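Okay, here's what each chain looks like letter by letter:
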Number of protein chains: 2
Amino acid sequence: MAVELELAPKTKRPAGECCTEPLVYPDINGEQAERMAAIAKALGDPIRLQIVDVLRKHAGKVCVCELVPLFDLSQPTVSHHLKVLREAGIVDSERKGLWAYYYVIPSALEELGAWLPGCCPPESCNCDRA
Amino acid sequence: MAVELELAPKTKRPAGECCTEPLVYPDINGEQAERMAAIAKALGDPIRLQIVDVLRKHAGKVCVCELVPLFDLSQPTVSHHLKVLREAGIVDSERKGLWAYYYVIPSALEELGAWLPGCCPPESCNCDRA
DNA sequence: CTATTCCATTGACAGGCGTCTATTCAATGG
DNA sequence: CCATTGAATAGACGCCTGTCAATGGAATAG
């Protein structure tokens, strides 16, 4: 920890432009940021996070009628959250008769997961993440 | 993929309670969901995601005056995003004279990162994630 | 002391979000 | 054909969010 990189001297003159030339740049481009932020935004609600958690655990398909009683919410509200997740590309659904079964699209979370640190300590990982 | 777990028969009677007993449960509790959702929510904006990306790359500290010109936003707006990230516990700042230096709190992203899949393929990982 | 500079805060505004009730739609059962 | 049931949609409501211009506060330079 505490890498102390000290990017720029910058202790000189408070006058003039603070940093004559930009020294840092985003490493991810705008589209990547948009995509990952959209995923993160959809996960940015405790209910939706738990829905995704449930769907992931049961890799098969889970009926909406099983989801609703898990949360102290009305059925339309749960349906709304599912719609948000569907529009974010995180889940998809399949109708069988009267019931709708939802499941997580596995690849949807990968880009964000790869960007985030901490899936496991680096020394136990062979991936090339920084 | 396509585990086809088929959690419940549920092809029987459309009448009566659809699922007499709940068969799935969230595996994470409410507090975990709240914490992770708060982090995800803070990351749910492309600007903030890129800010975190920049701060992470330069593990030392980055001056606000370097951050502002990177985005086509006013200085108060960037300051606002930094405040959101600070209140989410993702970053912290340190003042040195006139300048404010921001840095990522490494542990902040760990819980969410561990929950998400895809940091690397499971076979290259020794972690115990499902 | 005064002027300047960096950053944070305030207040305003439009748009988005989470929730509900009420309604609609599609499929099944009798 | 009609009644019933699971799920999605519509509309309404209060609150939160992202943005900006304007202001304020702390530290430095002269």
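The paragraphs below set out a description of the structure included in this document.

Rules of the game
Here the residue index of a chain counts from 1 through its sequence in written order. Starting at A for chains and at 1 for ligands, labels are handed out in the order in which the entities are written. Local features are withheld for residues below a pLDDT of 70 in this predicted model, meaning they are given only at 70 or higher, and side-chain atom pairs are given and counted only at 80 or more; totals for whole chains, interfaces and linings count all residues. Paired strands, as defined in this entry, are two strands with at least two bridges between them according to DSSP. Segments assigned H or I by DSSP are reported as helices when at least four residues long, segments assigned E as strands when at least two residues long, and all are numbered from the N terminus. For every residue pair, C-beta atoms are placed from the backbone, and the pair is scored as a contact if these atoms sit within 7 Å. To get an axis, fit a line to the C-alpha atoms, keeping to the stretch in contact for a helix; angles then go from 0 to 180 degrees between the N-to-C directions. If an angle is under 35 degrees, it is roughly parallel; if it is over 145, roughly antiparallel; if it lies from 65 to 115, roughly perpendicular; otherwise it is oblique. Note on convention: near helix rotated counterclockwise from far helix by under a right angle means a left-handed crossing. Clockwise means right-handed. Each residue is assigned to one of three groups, with Ala, Val, Leu, Ile, Met, Phe, Trp, Tyr, Cys and Pro labelled nonpolar, Asp, Glu, Lys and Arg labelled charged, and all others, Gly among them, labelled polar. A molecule or strand has a residue near it when that residue's C-beta atom, placed from backbone coordinates, lies within 6 Å of it. Joining buried Ala, Val, Leu, Ile, Met, Phe, Trp, Tyr and Cys residues through C-beta atoms within 7 Å gives a set, and that set is a nonpolar core. Labels follow a simple rule on C-beta atoms placed from the backbone: if 20 or more others lie within 10 Å of a residue's own, it is buried; if 12 or fewer, it is exposed; otherwise it is partly exposed.

1. Some points on the sheet that holds strand 1 (residues 62–63) of chain B
Residues and elements named next belong to chain B.
Consideration 1: On the basis of which strands lie adjacent, the open sheet formed by three strands has the order 1-3-2 and antiparallel pairing. The open sheet terminates on both sides in strands that have one partner only, identified here as strand 1 and strand 2 (91–96).
Consideration 2: Bridge count for strand 1 against strand 3 (residues 99–104) is two bridges, and the pairing is antiparallel. Residue V62 lies in a different strand from strand 3, and its bridge partner there is Y102.
Consideration 3: Its contacts with the sheet put helix 2 (residues 46–57) on strand 1, strand 2 and strand 3, and the angle it makes with strand 3 is roughly 90°.

2. Here we look at the environment of Q32(B)
Consideration 1: Positionally, Q32(B) belongs in helix 1 (residues 30–42).
Consideration 2: Distance in space between the C-alpha atoms of Q32(B) and L112(B) is 9.4 Å, their sequence separation being 80 residues.

3. Examining the packing of helix 1 (residues 30–42) of chain A against helix 2 of chain B
Consideration 1: The geometry of helix 1 of chain A relative to helix 2 of chain B is characterised by a closest axis approach of 8 Å and an angle of 110° between their N-to-C directions. With respect to each other, helix 1 of chain A and helix 2 of chain B are oriented roughly perpendicular. Considering only the axes of helix 1 of chain A and helix 2 of chain B, their crossing is right-handed. Within the contact between the two elements, helix 1 of chain A uses G30(A), A33(A), E34(A), M36(A), A37(A) and A40(A) and helix 2 of chain B uses P46(B), L49(B) and Q50(B).
Consideration 2: Class assignment of the residues belonging to the contact of helix 1 of chain A with helix 2 of chain B gives a composition of six nonpolar, two polar and one charged.

4. Observations regarding the protein's contact with DNA strand D
Consideration 1: Lining the immediate surroundings of DNA strand D are 30 residues, of which V64(A), C65(A), P76(A), P76(B) and T77(B) lie closest.
Consideration 2: The set of elements that each furnish at least two residues to the surface near DNA strand D consists of helix 3 (64–67), helix 4 (75–87) and strand 3 (99–104) of chain A together with helix 4 (75–87) of chain B.
Consideration 3: Take the surface near DNA strand D: its biggest share by element is six residues, from helix 4 of chain A.
Consideration 4: Tallied by class, residues from the surface near DNA strand D come to 18 nonpolar, nine polar and three charged.

5. Some words on the sheet that holds strand 2 (residues 91–96) of chain A
All names here are of chain A.
Consideration 1: One open sheet accounts for three strands, arranged 1-3-2; its pairing is antiparallel. Only two strands of the sheet have a single partner each, and these edge strands are strand 1 (62–63) and strand 2.
Consideration 2: Strand direction decides the pairing type here: strand 2 and strand 3, joined by six bridges, are antiparallel. Within strand 3, the position partnered with E94 by the bridge is Y101.
Consideration 3: The strands touched by helix 2 (residues 46–57) within the sheet are strand 1, strand 2 and strand 3, with strand 3 carrying the most contacts at an inclination of about 90°.
Consideration 4: Contacts from helix 4 reach strand 2 and strand 3 within the one sheet, and its direction differs from that of strand 2 by about 120°.

6. A word on the nonpolar core
Consideration 1: In this structure, I39(A), A40(A), I90(A), I39(B) and I90(B) are the most contacted members of the largest nonpolar core, which totals 56 residues.
Consideration 2: Beyond its immediate stretch of four places on either side in the chain, A40(A) contacts L112(A), A40(B), L43(B), G44(B) and L49(B).

7. Points about the environment of E31(A)
Consideration 1: Within the secondary structure layout, E31(A) lies in helix 1.
Consideration 2: For the pair formed by E31(A) and V78(A), sequence separation is 47 residues and the distance between their alpha carbons is 29 Å.

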